[in-house]
Amino acid sequence: MNNQNLSTQIAVYPGSFDPFTNGHLDITKRAARLFDTLIIAVYASPRKQLLFSVEERLELCRAVVESEHLPNVRVESFTGLTVDYVKSLSGHAIIRGLRSSNDFEAEFQMGLLNHRLAPDIETVCLFTNLEQLFIRSSQLKEVASLGGHVNDMLPSAVVGAFNKKFTAG
Ligand code: PNS
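Here we summarise the structure given alongside this text. Computed from a predicted structure; not experimentally measured. (Residues numbered from 1 in each chain as written. Predicted model: local features only at pLDDT ≥ 70, side-chain atom pairs only at ≥ 80, totals over all residues. Heavy atoms only, no water.)

A closer look at the pattern of salt bridges
- Under the counting rule described, the total for this entry stands at nine salt bridges.
- Across the pair K165 and E56 runs a salt bridge whose closest N-O atoms are separated by 3.2 Å. With K165 in helix 6 (residues 156-167) and E56 in helix 2 (residues 54-67), this pair connects stretches of sequence that are 109 residues apart.
- Here the residues in one salt-bridge network are R62, R74 and E76, joined through shared partners. (Salt bridge = Lys/Arg side-chain N within 4 Å of Asp/Glu carboxyl O. Helix = DSSP H or I, 4+ residues; strand = E, 2+ residues; numbered from the N terminus.)

Quick look at the site of the ligand
- Around the ligand, the structure places P14, G15, S16, Y43, K48, G80, L81, T82, R96, M110, L113 and N114.
- Note that an oxygen atom of the ligand is positioned 2.6 Å from one of the side-chain N or O atoms of T82.
- If the ligand stood free it would expose 540 Å²; the protein chains cover 74% of that surface.
- It is helix 4 (residues 101-117) that provides the largest number of residues to the shell around the ligand, a total of three residues.
- Of the residues that constitute the shell around the ligand, the class distribution is five nonpolar, five polar and two charged. (Near = heavy atom within 4 Å. Polar contact = N/O pair within 3.5 Å; in protein donor to acceptor, adjacent residues only side chain to side chain. Areas by Shrake-Rupley, 256 points an atom, 1.4 Å probe, with all protein chains shown as cover. Nonpolar A, V, L, I, M, F, W, Y, C, P; charged D, E, K, R; others polar.)

A short note on the pairing of strand 3 (residues 73-78)
- For strand 2 (residues 37-43) and strand 3, the ladder comprises six bridges, and the chain directions are parallel. Bridging across to strand 3, I40 finds its partner in V75.
- The handedness of the strand 2 to strand 3 crossover, carried by helix 2, is right-handed. (Pairing = 2+ DSSP bridges. Right-handed = clockwise from strand over helix to strand, strands pointing away.)

A closer look at the nonpolar core
- Judged by nonpolar contacts, the single largest core of 35 residues is most densely connected at L38, I40, I95 and F162.
- When residues in this core are grouped by element, the largest group, six residues, is from helix 2.
- Of all hydrophobic cores here, the second largest spans eleven residues; its members include I10, A41, F78 and Y85. (Core = buried A, V, L, I, M, F, W, Y, C linked by side-chain atoms within 4.5 Å. Buried < 20%, exposed > 50% of the residue type's maximum accessible area, 1.4 Å probe, protein only.)

Structural notes on a nonpolar patch on the surface
- Together, L81, L113 and L117 make up a nonpolar patch on the protein surface, roughly 280 Å² of accessible area in all.
- Overall, the relative accessible area of 41% leaves L117 in the partly exposed class. (Patch = residues over 30% accessible without salt bridge, like charges linked within 9 Å, V, L, I, M, F, W, Y side chains within 5 Å.)

Digging into the sheet that holds strand 5 (residues 122-127)
- In spatial order, the strands read 3-2-1-4-5; together these five strands make up an open sheet with parallel pairing. Two strands bound the open sheet, and with one partner strand each, they are strand 3 and strand 5. Each strand axis lies, on average, 30 degrees off the axis of its neighbour in the sheet, ignoring direction.
- Two elements, strand 4 (residues 93-98) and strand 5, share six bridges in a ladder whose sense is parallel. (Axes fitted to C-alpha atoms, helices over the stretch in contact; angles between N-to-C directions.)

Digging into helix 2
- Relative to the 20 Å expected for 14 residues at 1.5 Å per residue, helix 2 spans 20 Å between its end C-alpha atoms, a close match to the ideal helical length.
- When helix 2 is considered as a whole, its buried residues turn out to be V54, R57, L58, L60, C61, V64 and V65. Projected onto a plane normal to the axis of helix 2, the buried residues spread over an arc of 165 degrees and lie on a single side. Of the residues in helix 2, the exposed ones pointing more than 90 degrees away from the buried face are E55, E59 and E66.
- Elements in contact with the buried residues of helix 2: helix 1 (22-34), strand 2, strand 3 and helix 6. (Expected span 1.5 Å × (residues − 1). Arc of directions from axis to C-beta. Contact = heavy atoms within 4.5 Å.)

Encoded structure:
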């Protein structure tokens, strides 16, 4: 992290957010307390099968931020490399949430690679709250597709759109 001006530190929280969960919300709120501005950056085209389009993911993240009254948090989408996007915003840090040792391996590798690509940008990992330890977007989708209820693991602004995906058609 550079030390130019500690009063204008910008962090970017990148992810697929398909959908944005209570785990993401917890990390967002905590990162927003550490930085002046936090940008939730919705990656447009992750290499995985998505439930929501980028426009829908963006809209849902924005609805959560609005309903949670997080004045220093913005939501944007991006394409290309995360580090390039962070640079384009003159950002200082990349935020990631860590749940388990499995996460650690992947995050460690991504953090090292991003650091090699952009040594001035730090990756800041926050440990998940115990309450959110088991929440994974991919598993929530699987459970919902099999008829399980996961409403209490999603922000209220996401629940309606999420359940609609499994009842429509
Ligand atoms: O929510 P996810 O799927 O764990 O987020 C992964 C994400 C979007 C942060 C990661 O895939 C990413 O940064 N993609 C952008 C392309 C990039 O920069 N790749 C190199 C990082 S290893």
